[in-house]
Amino acid sequence: MGRHVLVVLALAVSLLGGCATPAATPAPAATGLGNGWTPDHSLELQYATKFSVDFYDGDQAPCPDRENLAACEARQYALVSISDGNRYLVVPQGRPVPEGIGDGVTVLPLPLTNLYLAASSTMSLVVALDALDAVRFSSLAADRWYIPEAKAAMDAGQILFGGKYSAPDYELILKSDPSLAIENGMIYHTPEVKEKLEALGIPVLVEQSSYESHPLGRSEWIKLFGVLLGREQLADTLFDAQAAHLEELAGQPDTGKTVAFFSISSAGYVVARKSGDYVPKMIGLAGGDYVFSNLGDDTATSTVNLEMEQFYATAKDADYIVYNATISGQLQSLADLTALNPLLKDFKAVRQGNVWCTDQDFYQDMTGLGQMITDLHQMLTDPEVPDQLTFLHRLR
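Computed from a prediction, not measured in an experiment: that's the story for all the values here. (Residues numbered from 1 in each chain as written. Predicted model: local features only at pLDDT ≥ 70, side-chain atom pairs only at ≥ 80, totals over all residues. Heavy atoms only, no water.)

A. Here's a closer look at the overall build of the chain. A count of helical and extended segments in the chain gives 13 helices and 17 strands. What you see for the chain is a C-alpha radius of gyration of 22 Å, in line with the 21 Å of a compact globule of 396 residues. By principal-axis analysis of the C-alpha atoms, the chain measures approximately 70 × 50 × 40 Å. Looking at the chain residue by residue over its 396 residues, the buried ones come to 56%. Put simply, the chain shows about 16,300 Å² of open surface, and 51% of that area lies on carbon and sulfur atoms. Of note, the chain has its 26 positive side-chain charges centred 4 Å away from the centre of its 49 negative side-chain charges. (Helix = DSSP H or I, 4+ residues; strand = E, 2+ residues; numbered from the N terminus. Rg over C-alpha atoms; globule rule 2.2 N^0.38 Å. Buried < 20%, exposed > 50% of the residue type's maximum accessible area, 1.4 Å probe, protein only. Areas by Shrake-Rupley, 256 points an atom, 1.4 Å probe, with all protein chains shown as cover. Lys, Arg positive; Asp, Glu negative; His and termini not counted. Charge placed at Lys NZ, Arg CZ, Asp CG, Glu CD.)

Below, the structure is given as structure tokens:
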């Protein structure tokens, strides 16, 4: 699959669902490096619109193989532009920092080491790229990880708890001289943290994957991490595998089946995804119809809290239920579900045994959204679907 064309950077919450996150500001028009260099090529992006990457040869000869530009990228400078307006120059190992680059471009010499990873959903990208040794600090404690490699690395002391995103352990982090702190949009709630990290000499990149309008736009951020971690070709391969899931479903007819995707809070509210959220979009791409066609409010959250009676009125006749166990905890049986609220016994999907539950690693795994769409499609269409899929399991 070709990968290098000029990409137009467009405007787009947390992956953990329900957290209010201020909208990302659009990036200004690209202005290059400011030193007169012309990009050799740009990273091809199929779905992501919240970042772009331009590659420069610098003082070296242009890539001789125009059919295999990826092979040249290890020696090329990469100008990364994020939709919040921040820009970063990734400098290949062993090459000098260019002279005359413009103000506002943060220089990141490779290799990046001792990263502080406060955007927890991006850990799956690092693991998939076999670059876990680049991470030194996590904003999650070991017992909050559902990614086995991350948990094991913390248990072994390879990765340390560096404090939550809103209260980093600055002294501990600074001792390791990290190349970069990677945050998500939640940092906009505590801008003073970003400012202090930068004042201490630690560059900060706020990843914007949660603002992507297409589900696979989120997964395509693995290409940016491929650039940051020197794993461009592996990133392409991994993303293409997810895109292939969607390609296989292209042209499939809509099933006409409705799906309710929700959880129940400790206070008894039904927590449902807004209709414009990426989860309902995945349901649609899988051939289903989200049971709420126009659910939303004026807040920046990705979810809406509903009284059970409100939820019952719309969702009781849904063909399928997918219970979101990521936040509220894992369920193993229909009895576990109906114990949350007796009204659920009256739901069509419960009576017919069409109730599924997400596994708890779903929101921590950005690399598998194409597979999740396939799981949903299989749930909707395969009469002999197994009880355990990659990200879903059936409740009996």
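Once the structure has been displayed, the description carries forward.
B. Structural detail: the confidence of the model for the chain. A residue-level look at the chain finds 91% of positions with pLDDT of 70 or above and a mean pLDDT of 90. Counting interchain partners and residues more than four positions distant, the pLDDT-below-50 stretch residues 1–30 has 93 contacts. (pLDDT = per-residue confidence, 0-100. Contact = heavy atoms within 4.5 Å.)

C. A look at the sheet that holds strand β7 (residues 135–138). Here we have five strands laid out as an open sheet, ordered β8-β7-β6-β9-β10, and parallel in their pairing. At either margin of the open sheet sits one strand with a lone partner, and together these are β8 (160–161) and β10 (204–206). Relative to strand β9 (residues 181–183), strand β6 (residues 115–117) runs parallel, the two being bridged by two bridges. The residue of β9 that forms the bridge with L117 is I182. (Pairing = 2+ DSSP bridges.)

D. Structural view of the side chain of R394. Topologically, R394 is positioned in strand β17 (residues 392–394). A polar contact of 2.9 Å, which involves the side chain of R394, links it to the backbone oxygen of G353. Setting aside its immediate chain neighbours within four residues, R394 contacts G353, N354, V355, W356, V385 and D387. (Polar contact = N/O pair within 3.5 Å; in protein donor to acceptor, adjacent residues only side chain to side chain.)

E. Spotlight on the sheet that holds strand β1 (residues 41–42). Taken in spatial order, the five strands line up as β1-β2-β3-β4-β5 in an open sheet, and their pairing is mixed. Looking at the sheet topology across the chains shown, the edges are occupied by β1 and β5 (105–109). Relative to strand β2 (residues 51–56), helix α6 (residues 221–228) is tilted by about 35 degrees, and along the sheet it contacts β2, β3 (77–82), β4 (87–91) and β5. (Axes fitted to C-alpha atoms, helices over the stretch in contact; angles between N-to-C directions.)

F. Spotlight on the pairing of strand β12 (residues 270–273). Burial along β12 is two-sided: the residues V270 and A272 and V271 and R273 are all buried. Alignment of strand β11 (residues 258–264) against β12, held across three bridges, turns out to be antiparallel. By the bridge assignment for β12, F262 is matched with A272. Here four bridges tie β12 to strand β14 (residues 303–306), and the two strands are oriented antiparallel to one another. Among the inter-strand pairings, R273 is bridged to a residue of β14, identified as T303.

G. A look at the packing of aromatic side chains. Scanning the model with the defined rule gives 12 aromatic pairs in all. Look at W37 and Y56: their rings are 6.3 Å apart centre to centre, the planes differ by 40 degrees, and that puts the pair in the tilted class. Separated by 19 residues along the polypeptide, W37 in the segment before β1 and Y56 in strand β2 bring together distant segments of the chain. Relative accessible area serves as the criterion here: at 28%, W37 is assigned to the partly exposed category. With a relative accessible area of 1%, Y56 lands in the buried category. Summarising the aromatic geometry, the rings of F262 and F311 are spaced 4.6 Å apart at their centres and angled 55 degrees between planes, so their arrangement reads as tilted. In this pair, F262 sits in strand β11 while F311 sits in helix α9 (residues 308–315), placing the two residues 49 residues apart along the sequence. A connected cluster of aromatic rings, assembled from ring pairs, spans F262, Y290, F292, F311, Y312, Y323 and F347. (Phe/Tyr/Trp six-rings, centres within 6.5 Å; stacked < 30°, edge-to-face > 60°.)

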